[in-house]
Amino acid sequence: MRRKLVAGNWKMNGDLATNARLLDRLAGAWTRAERRSLAVCVPAPYLAQAQAALQDSAVAWGAQDVSEHRSGAYTGDVSAGMLVEFGCRYAIVGHSERRQGHGETDARVAAKARAALTAGLTPIACVGETLDERERGDTEAIVRRQLAALIAVLGGDTGRIVVAYEPVWAIGTGRTAEPADAQAVHTKLRAQLLAAGAGAVSILYGGSVKAANAAALLAMPDIDGALVGGASLDADEFLAIGRA
Ligand code: PGA
């Protein structure tokens, strides 16, 4: 069954005091009776804080990246096993800020998704086109290639991931894809997943999702939730998106 999920991506934001207020609000306000799952993906140093604040709540937590390696001489990297020790359920992989800023290739993103699954985490695998690619009419080819790389490595385990469609031009820009345009891409991704025997994978939309536009996006038949950056730093906004 396609799970409904709204996941926050804090990116490199937060400090202990601000996080404490935000996490406490979410833990207190979100109940197990809600129709969607709610999760926050926090910077790695704050995982212990998230674990302590959320462990008795209905809110899940996760990381924003994970190493494809199990252990060893990988300075600065964090393994999936370490994330599991801090109670993570999710790890984002292949966010465009990592593909662009850290040179992550499709193959590396797929290896990270594999490492996450092996450790028992659910990878939230991001795909999406840049503005240039969209204007050249390449949106479908780009996301198809990105998803194909995941399917090639994950095979029969593809059904265990969550996919997030995040058009790069919509991230942090205030420009959101029109619900119908996002739905059109989700339909293509759904068909590709179905052909791989993974038609029940949840496909989130991400890119300037706010309380004001969430309901229209989440009403689309193939949009199963949202990956939320900036608006996930504000408890009221984030809770409203979760309930939209
Ligand atoms: P945004 O970021 O909601 O701030 O656009 C989304 C993301 O990058 O996951």
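Further up the page is the structure itself.
Notes on the structure in this doc start here. (Residues numbered from 1 in each chain as written. Predicted model: local features only at pLDDT ≥ 70, side-chain atom pairs only at ≥ 80, totals over all residues. Heavy atoms only, no water.)

To continue, consider the site of the ligand. Around the ligand, the surrounding shell holds 13 residues, and the nearest of these are K11, H95, E166, G172 and S208. The contact in question runs from an oxygen atom of the ligand to an N or O atom on the backbone of G230, over 2.9 Å. In isolation the ligand exposes 280 Å². Once the protein is present, 95% of that is buried. Looking at the shell around the ligand residue by residue, the classes come out as four nonpolar, seven polar and two charged. (Near = heavy atom within 4 Å. Polar contact = N/O pair within 3.5 Å; in protein donor to acceptor, adjacent residues only side chain to side chain. Areas by Shrake-Rupley, 256 points an atom, 1.4 Å probe, with all protein chains shown as cover. Nonpolar A, V, L, I, M, F, W, Y, C, P; charged D, E, K, R; others polar.)

Turning next to the nonpolar core. With 61 residues, the main nonpolar core has V40, V163, L189 and Y205 as its most contacted residues. Listed in part, the 13 residues of the second largest apolar core include L5, C41, A60 and V162. (Core = buried A, V, L, I, M, F, W, Y, C linked by side-chain atoms within 4.5 Å. Buried < 20%, exposed > 50% of the residue type's maximum accessible area, 1.4 Å probe, protein only.)

Contact geometry of helix α5 (residues 106-119) with helix α7 (residues 139-154) gives a least axis separation of 9 Å together with a crossing angle of 45°. Relative to α7, the element α5 lies oblique. Both α5 and α7 take part in a crossing whose hand is right-handed. Across from D106, V109, A110, A113, R114 and L117 in α5, the residues of α7 making contact are R145, Q146, A149, L150, V153 and L154. Looking at side-chain class alone, the contact of α5 with α7 contains eight nonpolar, one polar and three charged residues. (Axes fitted to C-alpha atoms, helices over the stretch in contact; angles between N-to-C directions. Helix = DSSP H or I, 4+ residues; strand = E, 2+ residues; numbered from the N terminus. Parallel < 35°, antiparallel > 145°, perpendicular 65-115°, else oblique. Left-handed = near helix turned anticlockwise from the far one by under 90°. Contact = heavy atoms within 4.5 Å.)

Moving on to α7. Given 3.6 residues per turn, any residue in an α-helix points the same way as the ones three and four places further on. An ideal rise of 1.5 Å per residue puts 22 Å on 16 residues; α7 measures up with 23 Å between its terminal C-alpha atoms. Listing the buried residues of α7 in full gives T139, I142, V143, Q146, L147, A149, L150, I151 and L154. One or two steps after α7, the chain reaches G155, where phi turns positive at roughly 50°. (Expected span 1.5 Å × (residues − 1).)

Around the barrel, which closes on itself, the eight strands sit in the order β1-β2-β3-β4-β5-β6-β7-β8 with parallel pairing between neighbours. When strand polarity is set aside, the average angle formed by the axes of neighbouring strands in this sheet is 25°. When strand β3 (residues 59-63) meets strand β4 (residues 90-93), the two strands line up parallel, connected through two bridges. Pairing of A63 across the sheet is with A91, part of β4. (Pairing = 2+ DSSP bridges.)

Time to look at the pairing of strand β2 (residues 37-41). Taken residue by residue, a regular strand's side chains alternate between the two faces of the sheet. In terms of burial, β2 is a largely internal element, four of the five residues being buried. Where strand β1 (residues 5-9) and β2 come together, five bridges link them in parallel fashion. Residue pairing for β2: V6 is matched across the bridge by L38. Since β1 and β2 lie parallel, the crossover through helix α1 (residues 16-29) that links them has a hand, and here it is right-handed. With four bridges joining them, β2 and β3 adopt parallel strand pairing. (Right-handed = clockwise from strand over helix to strand, strands pointing away.)

Within the element layout of this structure, E104 appears in the loop between α4 (96-101) and α5. Once you skip the residues sitting within four places of it in the chain, E104 turns out to touch D65, G94, R98, R99, V109 and K112.

With that settled, consider the pairing of β4. Taking every second residue as pointing to the same face, both faces of β4 are buried, with Y90 and I92 on one and A91 and V93 on the other. With respect to chirality, the unit in which β3 leads through helix α3 (residues 80-85) into the neighbouring parallel β4 is right-handed. Examined bridge by bridge, β4 and strand β5 (residues 122-127) share four bridges and lie parallel to one another. Looking across to β5, one finds that Y90 is bridged to T122.

Tracing the chain through its elements places D224 in the loop between α9 (211-218) and β8 (225-228). Overall, D224 belongs to the buried group, its relative accessible area being 1%. There is a polar contact of 2.8 Å between the side chain of D224 and the backbone nitrogen of I203. Ignoring any residue separated from it by four or fewer positions in sequence, one finds D224 in contact with R2, R3, K4, L5, R190, V201, S202, I203 and L204.

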